[in-house]
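# Remarks on the overall topology
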Amino acid sequence: MNGDSLLKVTDLAVTFDSQEGAVHAVGGVSFAIEQGETVGLVGESGCGKSISALAILGLVRMMSNSTITGSVEFMGRDLLALPEHEVRSVRGRDMAMIFQDPVTSLNPVLSIERQVTEGIESHLGLSHSDAIKRSIELLETVGIPKAAERIHDYPHQFSGGMRQRVMIAIALSCNPKLLLADEPTTALDVTIQAQILRLMKQLSADYGAAIMLITHDLGVVAGMTERILVMYAGRIVESASAKELFGHPHHPYTVGLLRSVPRLDEPRKTTLQSIEGLPPDLAHLPRGCAFGQRCVLRSEQCRLERPELTPTTPGRLSACFHSDQLVETAVAAR
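All values derive from a computational prediction rather than experimental measurement. (Residues numbered from 1 in each chain as written. Predicted model: local features only at pLDDT ≥ 70, side-chain atom pairs only at ≥ 80, totals over all residues. Heavy atoms only, no water.)

Bringing helix 7 (residues 160-172) into the picture now. With 13 residues, helix 7 extends 19 Å from end C-alpha to end C-alpha; this agrees with the ideal 18 Å at 1.5 Å per step. Of all 13 residues that make up helix 7, ten are buried, and the element is covered over most of its length. Of all the positions in helix 7, only G161, R163, Q164, R165, V166, M167, I168, A169, A171 and L172 are classed as buried. Each element contacted by the buried residues of helix 7 is listed here: strand 6 (95-98), helix 3 (102-105), helix 4 (112-124), helix 5 (128-141), strand 7 (178-182) and helix 8 (190-207). (Helix = DSSP H or I, 4+ residues; strand = E, 2+ residues; numbered from the N terminus. Expected span 1.5 Å × (residues − 1). Buried < 20%, exposed > 50% of the residue type's maximum accessible area, 1.4 Å probe, protein only. Contact = heavy atoms within 4.5 Å.)

Written as structure tokens, this is what we have:
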């Protein structure tokens, strides 16, 4: 990882106390994001993607039953070591988040004007009238028609796609250097999904913001991201460029994910293959590889030892004792 990276996460671990014991939601992940880079974080629901983003943003530590270790260096400062008031000055200004569900993220009793101008006034120090002008410009930028009129409306008066556009406007209101997008298109139909993704990509190019796109939909990250991190049971199990990962995955879990997605370049393939079994209980993780019980390549070593994320080929990482078999298959296919 580059020492001058915009965001450098090192051994980030998040544990929650519960009646079942300690739940290891995030199990020591490390990665970096460069300025202007678009990175995808993919995996099944419950694998720790959203918790990782919330921990980076400093929201998990507000939960009384949480324990967070590791470091989150953003613009040269470790956010986990800063007091809350300093993190609050970063959150929403230099780093912002588009949450998964705008219905629950937007306050139903506050107008759009109030919700968009709040961060602008707080972080940029603009007067209310100037903040309104900037808010209208932002709403127009994200495609809200008649923004000067609609800014006085309330969330329930907007469609799902328009509410998501409002969320993007709020996230971009202070020109953040990093945008965390947590399943930003989940509740939208396919047409609106495409519009939102194109909008995010264009705004990233215009504003120079780096994006971490969190999703379980590999189709979303395929044309949106430069690099992909695959997460399973709270850990990153593979890291590669989008092109390399879709072409020749180096981890059995990634292979399973790709086989469960329809391919337009293989129209005759009508039967999708599911990954057998279920993800492990994060409160009772197995001794060895967390994916071992579902893996066709599993061995005795997989049952006894936990594989670490290590280089397989230049620029690629995989946490599997049998990645060499997949690498050899990829080389033979070429």
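Moving on: the sheet that holds strand 5 (residues 77-78). With antiparallel pairing, four strands are arranged side by side in an open sheet as 2-1-4-5. The sheet is open, and its two borders are formed by strand 2 (21-33) and strand 5, each paired with just one other strand. Of the pairings in the sheet, the one linking strand 1 (residues 7-18) to strand 4 (residues 66-74) comprises eight bridges and is antiparallel in character. Bridging from a neighbouring strand, A13 pairs with T69 of strand 4. Strands strand 1, strand 2 and strand 4 of the sheet are contacted by helix 1 (residues 49-57), whose axis makes an angle of about 110° with strand 1. (Pairing = 2+ DSSP bridges. Axes fitted to C-alpha atoms, helices over the stretch in contact; angles between N-to-C directions.)

Counting 55 residues, the largest nonpolar core has I168 and M200 as the members making the most contacts within it. Every residue in contact with M200, bar those within four places of it in the chain, is listed here: I98, I168, A181, P184, I211, L213 and M224. Among the nonpolar cores identified, the runner-up in size contains 36 residues, and L6, L7, L54 and L79 belong to it. (Core = buried A, V, L, I, M, F, W, Y, C linked by side-chain atoms within 4.5 Å.)

Let's shift gears to the pattern of salt bridges. When the charged atoms of two side chains lie near each other, side chains of opposite charge can form a pair. Enumeration over the complete set of coordinates arrives at 13 salt bridges. Here D94 ties to R93 by a salt bridge, and the two come within 3.0 Å at their closest N and O atoms. On the accessibility criterion, R93 (29% relative accessible area) is partly exposed. The salt bridge partner of E238 is R316, with a shortest N-O separation of 2.7 Å. Of this pair, E238 sits in strand 10 (residues 235-241) while R316 is found in the loop between strand 11 (310-311) and strand 12 (317-318), placing the two residues 78 residues apart along the sequence. The class for R316 is buried, based on a relative accessible area of 3%. Residues joined by salt bridges that share partners form a network here, namely R61, E84, R88 and R91. (Salt bridge = Lys/Arg side-chain N within 4 Å of Asp/Glu carboxyl O.)

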